[in-house]
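Geometric and topological summary
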Amino acid sequence: MNNESNPVSPSEMNANELPDVPAFKDEFTRDFLQSAEPVKDEFYPFVSGSGSFTMNFPQDMKVNKRSYEIGSENESEFINISHTDEQKDGFINQKISYISFMSNPENGRERMRSSSKRELDFKEIETEHTGQKLEISEYESDPFSVVAAFIWNDNNQGITIFSHIDCKEDLTKEQCSTAKSSEKETIMEMLKSIEFTGKESE
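Owing to the predicted nature of the structure, the values given are computational and were not obtained by experimental measurement.

Rules used throughout
Residues numbered from 1 in each chain as written. Predicted model: local features only at pLDDT ≥ 70, side-chain atom pairs only at ≥ 80, totals over all residues. Heavy atoms only, no water. Helix = DSSP H or I, 4+ residues; strand = E, 2+ residues; numbered from the N terminus. Buried < 20%, exposed > 50% of the residue type's maximum accessible area, 1.4 Å probe, protein only. Contact = heavy atoms within 4.5 Å. Areas by Shrake-Rupley, 256 points an atom, 1.4 Å probe, with all protein chains shown as cover. Lys, Arg positive; Asp, Glu negative; His and termini not counted. Charge placed at Lys NZ, Arg CZ, Asp CG, Glu CD. Salt bridge = Lys/Arg side-chain N within 4 Å of Asp/Glu carboxyl O. Pairing = 2+ DSSP bridges. Phe/Tyr/Trp six-rings, centres within 6.5 Å; stacked < 30°, edge-to-face > 60°. Expected span 1.5 Å × (residues − 1). Disulfide = S-S within 2.5 Å.

1. Comments concerning the overall build of the protein chain
In terms of helices and strands, the protein chain carries four helices and eleven strands. Each of the three principal axes of the protein chain carries a C-alpha extent, and together these read 55 × 50 × 30 Å. Burial statistics for the protein chain: of 202 residues in total, 46% are counted as buried. Intrachain contacts of the protein chain at a sequence separation of at least 6 include 50% that bridge at least 24 residues. With an accessible surface of roughly 11500 Å², the protein chain has 42% of that area assigned to carbon and sulfur atoms. Separation between the mean location of the 21 positive side-chain charges and that of the 40 negative ones in the protein chain comes to 5 Å.

2. Digging into the pattern of salt bridges
For the structure on display, the rule yields twelve salt bridges. A salt bridge links Glu110 to Arg113; its shortest N-O distance comes to 2.7 Å. Highlighted residues: Glu110 and Arg113, both in helix α3 (residues 105-116), separated by three residues, approximately one helical turn. The exposure class of Glu110 is partly exposed, given its relative accessible area of 39%.

3. A word on the pairing of strand β5 (residues 76-83)
Most of β5 sits inside the fold, with six of its eight residues counted as buried. Pairing of strand β3 (residues 61-63) with β5, which is carried by three bridges, proceeds in the antiparallel orientation. Across the sheet, residue Met61 finds its bridge partner in β5, namely His83. In this structure, strand β4 (residues 69-70) lies alongside β5, joined through two bridges in antiparallel fashion. The residue of β5 that forms the bridge with Glu69 is Phe78. Connecting β4 to the antiparallel partner β5 that follows it, the hairpin turn spans five residues, and Glu73 within it adopts a positive phi of roughly 55°. Examined bridge by bridge, β5 and strand β6 (residues 90-99) share seven bridges and lie antiparallel to one another. Paired with Asn80 across the two strands is Lys95, which belongs to β6.

4. Comments concerning the packing of aromatic side chains
A complete count under the given rule lists seven aromatic pairs for this structure. Between Phe28 and Phe32, the aromatic rings sit 5.3 Å apart at their centres with planes inclined by 80°, giving edge-to-face as the arrangement. Seen from their ring centres, Phe53 and Tyr98 are 6.1 Å apart, and the 40° between their planes marks the pair as tilted. With Phe53 in strand β2 (residues 53-58) and Tyr98 in strand β6, this pair connects stretches of sequence that are 45 residues apart. We note that Phe53, like Tyr98, is buried.

5. Section: helix α4 (residues 173-193)
Taking 1.5 Å of rise per residue, the 21 residues of α4 would be expected to cover 30 Å, and the 30 Å separating its terminal C-alpha atoms lies within 8% of that figure. Where α4 is concerned, the buried positions are Cys176, Ala179, Lys180, Glu183, Thr186, Ile187, Met188, Glu189, Met190, Leu191 and Ser193.

6. Remarks on the state of the cysteines
Tallied over the full model, the rule gives one disulfide. A disulfide bridge connects Cys167 with Cys176, and the sulfur atoms are separated by 2.1 Å. Negative torsions about the S-S bond denote left-handed disulfides, and the value of about 90° found for Cys167 with Cys176 makes this one right-handed. Taken individually, Cys167 and Cys176 each receive the classification buried, so the pair is uniform in this respect.

7. A closer look at the environment of Phe144
Mapped onto the elements of the fold, Phe144 is located in strand β9 (residues 144-153). In the structure, Phe144 is positioned 36 residues away from Lys180 in sequence and 9.2 Å away in space, judged by C-alpha atoms. Not counting residues within four places of it along the chain, the set of residues in contact with Phe144 comprises Tyr139, His164, Ile165, Asp166 and Lys180.

Put into structure tokens, the structure is as follows:
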């Protein structure tokens, strides 16, 4: 059988065939991953449960099953992603909210400002995806560094993301700063990779 033309989903593979990393060890997270082959170093292809967007998923994170929610007819989806290794110097906790329809982009920004209780100053980030925009705003909320991201397209789909970065307690201020910078690179890789699937509105 040609595995390239008939790829096997990771959820259908035996455990000993999968990469030995947290994302594949967690059964719930595994259901979102489309291949055991990385799209780039330490990142694997991820498709949201609603089928509305794809992204590159870090190998050392997992999706929290308890907080996962998906709306009827896939009109919304909430995904919480976090690190599981308590020995890491830096940790990411990421909250992703997808909605299939928003009246206009400014409403999405205002929802994020209201949620964060801050006057977020968004700046556009270039990506390789056409027909959609990525805007981010960064701020400090002790002890976290936060990257707030807003992704939207002309079909009125929107994704709001809050990525909180924290450090292991025994780090110095300088070590923590270095760890957070490293985790921020992971976050930006995830954010830039997110792409709407192009589903047509009803």
